Amino acid sequence: ANEIQLARRIALPLRQEPVDQHHANLGRAIHGAGRHLEGGINEIERRRILHLAYERRHERRILIPLAKHRAMPPLEPISDRLAAQVVFCIDEREESIRRALEEVDPQIETVGAAGFFGVAIDYAGIDDAGGVSLCPVVVKPAHSVREVPITQDTHLDEKRQGLRRAWAKLVRNGFISSRTLVRGWISTACLGFLSLFPLALRVLTPLGYGRFIKRLNRAFLPEPKTEFTFMQDDLASRNATSGLVSGFTTQEMADRVYSVLGPAGLHKAHARLVVILGHGSTSLNNPYESAYCCGACGGRTGAPNARLFAIIANRPAVREALRLKGVIIPEDTWFLGGYHDTCSDDVEFFDIDLMPETHRSDLTRVRQSLDKARMLSAHERTRRFEAASPDFTPELGLRHVQERAEHIGEPRPEYGHCTNAVAYVGRREFTRGLFMDRRAFLISYDATKDPDNGALGRVLGA
């Protein structure tokens, strides 16, 4: 009886509203299946009915809105040159902030590319004991990149590593001592009560506690300025043990940049500021945290990839090599790496000190627009959270998602990927302004710049 009601409920709206011929045929098929249910149903018939229902939902939620949006007249640009371009990962969780960013500032264009941005690397930061692969799991990186302190800040890095080693030793000794008979009893009796206060603060004011810990780290842990070792000078850079090449040649760097800009159609007329925004997700008590980070980076953060892409795209030799490939980047275009936390909706930028003073106003505009966009995106996300009030303002919505990222009682702070349903491959102008409810991977692709479909094959293959 429940299956009969389900089929009738699926078919009923189709008979009540005007639809095209394909839609009507689909409705009649479902309605006929509903009548057939009265005589019984088997497993195959049940699957067929549910599949027809899925097809109808996909058509109504995705295909028809895309077609109607495509038929609308395009928005006329306000000026001949965009104020900025922001390259996001194709991840569906970036759909809402991309839509909001283009809404608050129509002179900003967003682009979607795989979040490792074409640079498959074995990467180690200044605090990492060893390298990790920042690329899709089906790709084996052939190049190593290391974050090192600049020469002037070497002493700060030595001090930082000394403090980290001392703290690690203290924590390890405390961990071992707490599990012994005598020292465990003493530490529980003397220090157990003191642990109540940070626990209470973490539960009652998770965002305030998280910010307090970050301020402590900044106050006591030196932060040296860093740079990447990404230049390959000769074949001697190959490490015989790991098989990794230390850094890239100029041609290899140009190929990586072209792999992102070329298929997306960004061959010329770039904005003065192009932001490469990697993403990841941070949470306190989520056993599946890596599943919410960048899948194109093997379940890790894409921040190093974004930073590296921006650094190599700013090199004159790389731009000259790109010119031979048909990608002409204006001399006044500056690439800037950044990071977007999809859980807390925080955004940060890298290597701002290297940016020319002439581009400071462009960065200020992008910052202000991103601040508005991430509030709107967070406010949109909170409607799925039972702990959030429906009366939240965008400001309170942003604070709520930031608290969820720091809350010890939130094992699912983000609900990442829970609505993913479709991947759209095409130009952004065809989807710009269309509400897709964080359901779509958005891959920027311009077919007019890909006559042999080679780039399309690589995109769909990935």
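Scroll up to find the structure.
The rules we used
- Residues numbered from 1 in each chain as written.
- Predicted model: local features only at pLDDT ≥ 70, side-chain atom pairs only at ≥ 80, totals over all residues.
- Heavy atoms only, no water.
- 1 Å grid on protein atoms, 1.4 Å probe; cavity = no way out; pocket = protein on both sides within 12 Å on 5 of 7 lines; lining within 4 Å.
- Points joined across faces, edges and corners; volume = space filled by probe spheres on them.
- Helix = DSSP H or I, 4+ residues; strand = E, 2+ residues; numbered from the N terminus.
- Core = buried A, V, L, I, M, F, W, Y, C linked by side-chain atoms within 4.5 Å.
- Buried < 20%, exposed > 50% of the residue type's maximum accessible area, 1.4 Å probe, protein only.
- Contact = heavy atoms within 4.5 Å.
- Salt bridge = Lys/Arg side-chain N within 4 Å of Asp/Glu carboxyl O.
- Patch = residues over 30% accessible without salt bridge, like charges linked within 9 Å, V, L, I, M, F, W, Y side chains within 5 Å.
- Areas by Shrake-Rupley, 256 points an atom, 1.4 Å probe, with all protein chains shown as cover.
- Lys, Arg positive; Asp, Glu negative; His and termini not counted.
- Phe/Tyr/Trp six-rings, centres within 6.5 Å; stacked < 30°, edge-to-face > 60°.
- Axes fitted to C-alpha atoms, helices over the stretch in contact; angles between N-to-C directions.
- Parallel < 35°, antiparallel > 145°, perpendicular 65-115°, else oblique.
- Nonpolar A, V, L, I, M, F, W, Y, C, P; charged D, E, K, R; others polar.
- Polar contact = N/O pair within 3.5 Å; in protein donor to acceptor, adjacent residues only side chain to side chain.
- Pairing = 2+ DSSP bridges.
- Left-handed = near helix turned anticlockwise from the far one by under 90°.

Overview of empty space enclosed by the protein
- Under the definition given, this model contains two cavities of 30 Å³ or more.
- Estimated volume of the largest cavity: approximately 120 Å³.
- For the largest cavity, the lining is made up of 15 residues, of which R384, E414, Y415, C418 and R438 are closest to its centre.
- Of the pockets and cavities examined, the second largest cavity occupies roughly 40 Å³.
- Considering each element in turn, the lining of the second largest cavity owes the most residues, three residues, to strand β12 (residues 440-444).

Focus on the nonpolar core
- By size, the foremost hydrophobic cluster in this structure holds 34 residues, and its most contacted members are F117, I121, V257, I276, L308, F309 and F335.
- For this core, the elements supplying multiple residues, two or more each, are β2 (108-113), β3 (121-124), α9 (250-261), β8 (273-280), α11 (303-313) and α12 (316-324).
- Looking at which element gives the most residues to this core, the answer is α11, with seven residues.
- Other than its neighbours up to four places away in sequence, V257 contacts F309, I312, A313, V318 and L322.
- Ranked by size, the runner-up nonpolar core spans 19 residues in total, among them L273, L277, L336 and L370.

Quick word on the pattern of salt bridges
- What the rule picks out here adds up to 31 salt bridges.
- Among the ionic pairs, D371 bridges to R374, the shortest N-O distance being 3.1 Å. In this pair, D371 and R374 are both assigned in helix α13 (residues 360-381), three residues apart and thus about one turn of the helix distant.
- What makes D371 partly exposed here is its relative accessible area of 38%.
- For R374, a relative accessible area of 15% puts it in the buried group.

Some points on a nonpolar patch on the surface
- A surface patch of nonpolar side chains, about 530 Å² in accessible area, is lined by L191, F193, L194, L196 and F197.
- Within the secondary structure, F193 sits in the loop between α6 (181-191) and α7 (196-204).
- Residue classification places F193 among the exposed positions, given a relative accessible area of 53%.

Details of the side chain of R439
- In this fold, R439 is placed in the loop between β11 (422-426) and β12.
- One buried charged residue, R439, forms no salt bridge at all, with the nearest opposite charge on D437 at 5.6 Å.
- Ignoring any residue separated from it by four or fewer positions in sequence, one finds R439 in contact with I62, E92, T419, N420, A421 and V422.

What about the packing of aromatic side chains?
- All told, the structure shown has four aromatic pairs when counted by the stated rule.
- The interplanar angle of 65 degrees and the centroid separation of 5.3 Å between the aromatic rings of F385 and Y415 together place this pair among those described as edge-to-face. Remark: Y415 occurs in the loop between α14 (394-406) and β11 and F385 occurs in the loop between α13 and α14; sequence separation between them is 30 residues.
- The class of Y415 is partly exposed, set by a relative accessible area of 35%.
- What links up through ring pairs into an aromatic cluster is the set F117, F309 and F335.

Here's the deal with the packing of α13 against α14
- Axis separation between α13 and α14 bottoms out at 7 Å; the angle between their running directions is 75 degrees. Of the possible angle classes, the one that applies to α13 and α14 is roughly perpendicular. From α13, R374, M375, L376, A378, H379 and R381 reach across to α14, where they touch P394, E395, G397, L398, V401 and Q402.
- Looking at side-chain class alone, the contact of α13 with α14 contains six nonpolar, three polar and three charged residues.

Comments concerning the environment of D332
- Here D332 shows up in the loop between α12 and β9 (334-341).
- What makes D332 partly exposed here is its relative accessible area of 29%.
- Spatially, the C-alpha atoms of D332 and H359 are 8.8 Å apart, while their sequence positions differ by 27 residues.
- Apart from residues no more than four positions distant in its own chain, D332 is found in contact with R81, R272 and H359.
- A distance of 2.9 Å separates a polar atom in the side chain of D332 from a polar atom in the side chain of R81.

Examining α11
- Burial analysis of α11 places 11 of its 11 residues in the buried class, the great majority of the element.
- Residues of α11 that are buried include every one of A303, P304, N305, A306, R307, L308, F309, A310, I311, I312 and A313, and no others.

Considering the environment of A83
- Its location among the elements puts A83 in the loop between α3 (43-71) and β1 (84-89).
- Residues A83 and L363, 280 residues apart in the sequence, show an inter-C-alpha distance of 9.8 Å.
- Contact partners of A83, with chain neighbours within four places excluded, come to Q107, A271, L273, D362 and R365.

Focus on the pairing of β2
- For β2, a buried count of five out of six residues is recorded, marking the element as mostly surrounded by other parts of the structure.
- Pairing geometry for β1 and β2, over six bridges, is parallel. Pairing of V87 across the sheet is with V111, part of β2.

Some thoughts on the packing of α9 against α12
- Two elements in contact, α9 and α12, have axes separated by 9 Å at closest approach and are oriented at 65 degrees. Crossing handedness for the pair α9 and α12: right-handed. Between α9, through T250, Q251, M253, A254, V257 and Y258, and α12, the contact on the second element is made entirely by A317, V318, A321 and L322.
- Grouping the amino acids of the contact of α9 with α12 by side-chain chemistry returns eight nonpolar, two polar and no charged.

Everything listed is a geometric property; what it means functionally is a separate question.
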